[in-house]
Amino acid sequence: MLLTLITATGGRKEAFAVSEKLFLNQTIHNNPNFKVQWIVIDDCPDNPTRCTCRQEYYIANKKWTPDVNTQSYNLDQEFNYIKVNILINWEYDEYFSPTYIEEMVKLLEKNDIVGLSNNQYYHLKLKGFKYMNYFNHSSLVTTAFTRKVFPLFYRAIHSGEFFFDIQLWKYAHEARLKTSLISNTNLSMGIKGGPLRKCLT
């Protein structure tokens, strides 16, 4: 099984280091049949992000600044390097359970695009969490899909919408692709108040 993880660093080197630890804890490493291509587009404006998991590392064409959301630019650049048929967005401010990748891949055996709805977010400083209460789409960070969805993903990141993950799922539903949304799961949790940009803490 071949799959690609993509990460746009978003100027958050400390959080990226945590994402590497969560990746190394994934159960897929116990299965020799899994082969992973991890693409990192680094838009940190100062010192480069340090990668330690044999990722494919590329410098972003557009550097992060406080007034610019570089995610769509970085994801567009990553399209040039994807080699395989399953795509998982591996973000820097998210907790992923050890079985996350394995479970998402299983769901894709019968679906074109899968995700977690009604996502939980936990704020480290406030020591509280909330459910996001959306059930027709999944945040990009908890969305995975096959190559069949690539044209829709490309269209979504060029839609001009800030929340282009909503657009992606809208396009998938309109195209009547095979979709699966799972809610109230412990596979993932968004993290706020951690080593992120000040504008997002």
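Further up the page is the structure itself.
Residues numbered from 1 in each chain as written. Predicted model: local features only at pLDDT ≥ 70, side-chain atom pairs only at ≥ 80, totals over all residues. Heavy atoms only, no water.

Novice: A description of the overall build of the chain should follow, citing residues and the corresponding values.
Specialist: The number of helices and strands found in the chain is five helices and eleven strands. Its C-alpha atoms give the chain a radius of gyration of 16 Å, near enough to 17 Å, the size a compact globule of 201 residues would have. If you line up the chain on its principal axes, its C-alpha atoms span 40 × 40 × 35 Å. Expressed as a percentage of its 201 residues, the buried residues of the chain come to 51%. For the chain, the computed accessible surface area is about 10300 Å², with 51% contributed by carbon and sulfur atoms. (Helix = DSSP H or I, 4+ residues; strand = E, 2+ residues; numbered from the N terminus. Rg over C-alpha atoms; globule rule 2.2 N^0.38 Å. Buried < 20%, exposed > 50% of the residue type's maximum accessible area, 1.4 Å probe, protein only. Areas by Shrake-Rupley, 256 points an atom, 1.4 Å probe, with all protein chains shown as cover.)

Novice: Tell me about the packing of helix 2 (residues 71-78) against helix 4 (residues 150-157), and name the residues and values.
Specialist: As a packed pair, helix 2 and helix 4 sit with axes 9 Å apart at the nearest point and diverge in direction by 145°. In terms of crossing hand, the pair formed by helix 2 and helix 4 is left-handed. For the pair helix 2 and helix 4, contact is made by Ser72, Leu75 and Asp76 and by Phe153, Tyr154 and Ile157, respectively. Of the residues belonging to the contact of helix 2 with helix 4, the class tally is four nonpolar, one polar and one charged. (Axes fitted to C-alpha atoms, helices over the stretch in contact; angles between N-to-C directions. Left-handed = near helix turned anticlockwise from the far one by under 90°. Contact = heavy atoms within 4.5 Å. Nonpolar A, V, L, I, M, F, W, Y, C, P; charged D, E, K, R; others polar.)

Novice: I'd love a proper account of the packing of aromatic side chains, names of residues and values included.
Specialist: Scanning all chains against the criterion turns up 13 aromatic pairs. Where Phe16 meets Trp38, the ring centres are 5.8 Å apart and the plane angle is 45°; that geometry is what we call tilted. With Phe16 in helix 1 (residues 13-24) and Trp38 in strand 2 (residues 35-42), this residue pair connects regions lying 22 residues apart in the sequence. Both residues of the pair, Phe16 and Trp38, belong to the buried class. Look at Phe79 and Phe153: their rings are 5.7 Å apart centre to centre, the planes differ by 35°, and that puts the pair in the tilted class. Taken as a pair, Phe79 in the loop between helix 2 and strand 4 (86-89) and Phe153 in helix 4 lie far apart in primary sequence, 74 residues in all. Site record: aromatic cluster; members linked through ring pairs are Phe16, Phe23, Trp38, Trp90, Phe96 and Tyr100. In this structure, Lys62 packs its charged tip against the face of Tyr73, placed 4.9 Å from the ring centre. One cation-aromatic arrangement involves Arg155 over Tyr171; the distance from NZ or CZ to the ring centre is 3.7 Å. (Phe/Tyr/Trp six-rings, centres within 6.5 Å; stacked < 30°, edge-to-face > 60°. Lys NZ or Arg CZ within 6 Å of the ring centre and 35° of its normal.)

Novice: Tell me about the sheet that holds strand 2, residues and numbers included.
Specialist: Across the sheet, seven strands lie side by side as 3-2-1-4-9-6-10; this open sheet has mixed pairing. Of all strands in the sheet, those with a lone pairing partner are strand 3 (56-59) and strand 10 (179-183), marking the two edges. Taking each pair of neighbouring strands and ignoring which way they run, the sheet shows an average axis angle of 20°. Sheet topology note: the strand 1 (residues 2-8)/strand 2 ladder contains seven bridges and is parallel. (Pairing = 2+ DSSP bridges.)

Novice: So what's going on with the environment of Gln120? Which residues, and what values?
Specialist: Looking at where Gln120 falls in the secondary structure, it is placed in strand 7 (residues 120-123). On a C-alpha basis, the gap between Gln120 and Cys53 in space is 27 Å, while along the polypeptide they are 67 residues apart.

Novice: Residues and numbers for the packing of helix 4 against helix 5 (residues 164-174), please.
Specialist: The N-to-C vectors of helix 4 and helix 5 enclose an angle of 140°; their axes lie 8 Å apart at closest approach. Judged on the interaxial angle alone, helix 5 and helix 4 are oblique. Two packed elements cross with a definite hand, and for helix 4 against helix 5 that hand is right-handed. Taking contact as the criterion, the partners of Leu152, Phe153, Arg155, Ala156 and Ile157 in helix 4 are, on helix 5, Phe164, Gln167, Leu168, Tyr171 and Ala172. Here the residues of the contact of helix 4 with helix 5 are counted per class, giving eight nonpolar, one polar and one charged. (Parallel < 35°, antiparallel > 145°, perpendicular 65-115°, else oblique.)

Novice: Could you give an account of helix 5, naming the residues involved and the relevant values?
Specialist: Three- or four-residue spacings in an α-helix give side chains the same orientation, since the helix completes a turn every 3.6 residues. Buried residues of helix 5: Phe164, Asp165, Gln167, Leu168, Trp169, Tyr171 and Ala172, and no others. Lining the buried residues of helix 5 we find helix 2, strand 6 (113-117), strand 9 (143-146), helix 4 and strand 10.

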